[in-house]
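# What the coordinates show
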Amino acid sequence: MSRVLLAFAMLIVFGVIKLPAERAISFQHRQLQFADVVNLDLREKIGQLGFVAALSGFRAMVADFLFIEAHVAWERTEWGRVLFLFRQVTILQPHVPLFWEMAAWHMAWNASAAAMNDPSQSRLALRVKAQRECFALGKDFLERGIKNNPDNPQLYEALARLYREKYNDHAAASECLAKAARLPGAASYDRRFSAYELSYCDGREREAYDRLRALYDEGEKERLPTLIKRLKFLEEKLNVPAGQRILEAEPPHR
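So, a few notes on the structure that sits alongside this text.

The rules behind the values
Residues numbered from 1 in each chain as written. Predicted model: local features only at pLDDT ≥ 70, side-chain atom pairs only at ≥ 80, totals over all residues. Heavy atoms only, no water. Helix = DSSP H or I, 4+ residues; strand = E, 2+ residues; numbered from the N terminus. Buried < 20%, exposed > 50% of the residue type's maximum accessible area, 1.4 Å probe, protein only. Contact = heavy atoms within 4.5 Å. Areas by Shrake-Rupley, 256 points an atom, 1.4 Å probe, with all protein chains shown as cover. Polar contact = N/O pair within 3.5 Å; in protein donor to acceptor, adjacent residues only side chain to side chain. Salt bridge = Lys/Arg side-chain N within 4 Å of Asp/Glu carboxyl O. Phe/Tyr/Trp six-rings, centres within 6.5 Å; stacked < 30°, edge-to-face > 60°. Lys NZ or Arg CZ within 6 Å of the ring centre and 35° of its normal. Core = buried A, V, L, I, M, F, W, Y, C linked by side-chain atoms within 4.5 Å. Axes fitted to C-alpha atoms, helices over the stretch in contact; angles between N-to-C directions. Parallel < 35°, antiparallel > 145°, perpendicular 65-115°, else oblique. Left-handed = near helix turned anticlockwise from the far one by under 90°. Expected span 1.5 Å × (residues − 1).

### Notes on the overall build of the protein chain
What the protein chain contains, in helices and strands, is twelve helices and zero strands. Reading the secondary structure of the protein chain in the N-to-C direction produces α-α-α-α-α-α-α-α-α-α-α-α. Looking at the protein chain residue by residue over its 254 residues, the buried ones come to 41%. For the protein chain, contacts bridging at least 24 residues in sequence account for 60% of all contacts bridging at least 6. As presented, the protein chain carries roughly 14400 Å² of accessible surface, and 58% of it is formed by carbon and sulfur atoms.

Written out as structure tokens, the structure is:
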């Protein structure tokens, strides 16, 4: 009987917390338009401390609820609402890397694509501007996520993807992957991918070659097709003497 009463009490408490949160979100949503996606800082900060304080020990529960709401908003392409909800989620649970990564993905990939293809905006320059602002929002989420989770390699990997795919910044992508590679639990490919990215940077070909060649010399497990292809490209560009070059093709296994 006591368990039933406890469960009932928890439902009542959650309902009391959930209703104001829903009302606050609904109120914010009515104010948001697509063009407001990048101008929410001041609006969100009003009452933020009181909102978080009111949640007390229910932060994780409410964060999960808001995360689901953000998914629904994404399905409806309500980008201002998506941004608002993910900012609240990451405030409530800053040490959950998934929330930061998902927030960045929605902004830098989904919202940016919507901005670029916005039928209500006829001027290309303004669509490009909105797209770049969405890139910046995604970058900001990942950078703040890393500050709150400095030992998480996946966030560095996500930031590297953003630099590579949205900014065409191979040097920054290489640096992020190198940082990821030094962390506990990093993927074995982080070090290799860091060298790949560096091989696309003008003026850093020698450094990239040395890193790729060192990986190649570690043995067969590192001699993957992309690594060999990038090495051959750098050998040509750096005029590496024929006797120092890698084999054109690996001998067949026996």
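### Some remarks on the side chain of K232
As for its placement among the helices and strands, K232 is situated in helix α12 (residues 225–238). Here E235 takes part through its side chain, which lies 3.1 Å from a polar atom of the side chain of K232.

### Here's the deal with the pattern of salt bridges
For the structure shown, the criterion picks out 20 salt bridges. Ionic pairing is found between E197 and R164, a salt bridge with its closest N-O pair at 3.6 Å. Highlighted residues: E197 in helix α10 (residues 190–198) and R164 in helix α8 (residues 153–166), separated in sequence by 33 residues. The class of E197 is buried, set by a relative accessible area of 7%. Within the structure, one salt-bridge network assembled from shared partners comprises R191, R192, E218, K221 and E222.

### Examining the packing of aromatic side chains
One pass over the structure, following the stated rule, counts eight aromatic pairs. We note R223 situated over the ring of Y216; from NZ or CZ to the ring centre the distance is 4.1 Å. Here the basic side chain of R230 rests over the ring of Y200, its NZ or CZ set 3.9 Å away from the ring centre.

### Describing α10
Most of α10 sits inside the fold, with seven of its nine residues counted as buried. Among all positions of α10, only D190, R192, S194, A195, Y196, E197 and L198 are buried.

### Side note on the nonpolar core
L66, M107, F141 and L142 are the most contacted members of the largest nonpolar core, which totals 42 residues. Sorting the residues of this core by element identifies α4 (59–75), α5 (79–92), α6 (97–116), α7 (124–148), α8 and α9 (170–181) as the ones contributing at least two each. When near neighbours in sequence (up to four residues on either side) are disregarded, L142 contacts W100, E101, A104, L155, A158, L159 and L162. Counting 15 residues, the second largest nonpolar core, distinct from the first, contains C201, A208, L215 and L227.

### Re the packing of α4 against α5
Two elements in contact, α4 and α5, have axes separated by 9 Å at closest approach and are oriented at 160°. In terms of their interaxial angle, α4 and α5 are classed as roughly antiparallel. Here α4 and α5 pass one another in a crossing that is left-handed. Along the contact surface, α4 presents R59, V62, A63, L66, F67, E69, A70, A73 and W74, while α5 presents W79, R81, V82, L85, F86, Q88, V89, I91 and L92.

### Brief notes about α12
Look at α12: 20 Å from first C-alpha to last across 14 residues, which is about the 20 Å you get at 1.5 Å a residue. L227, I228, R230, L231, K232, L234 and E235 are the residues of α12 that are buried. Lining the buried residues of α12 we find α10 and α11 (205–217). Directly after α12, the chain includes N239, whose backbone phi takes a positive value near 55°.

### Some points on unusual backbone geometry
Leave glycine aside and you will find that most residues have negative phi; peptide bonds, for their part, are mostly trans. Within the chain, T77 stands out as a residue other than glycine whose phi angle is a positive 55°. Looking at the secondary structure, you find T77 in the loop between α4 and α5. Within the chain, N239 stands out as a residue other than glycine whose phi angle is a positive 55°. Following the sequence through the fold, N239 ends up in the segment after α12.

### A look at the environment of A70
Inspection of the secondary structure puts A70 in helix α4. Sequence spacing of A70 and H106 is 36 residues, and the spatial spacing of their C-alpha atoms is 9.7 Å. Apart from residues lying up to four places away in sequence, A70 is in contact with V82, L85 and F86.

Taken by themselves, the reported measurements are silent on function.
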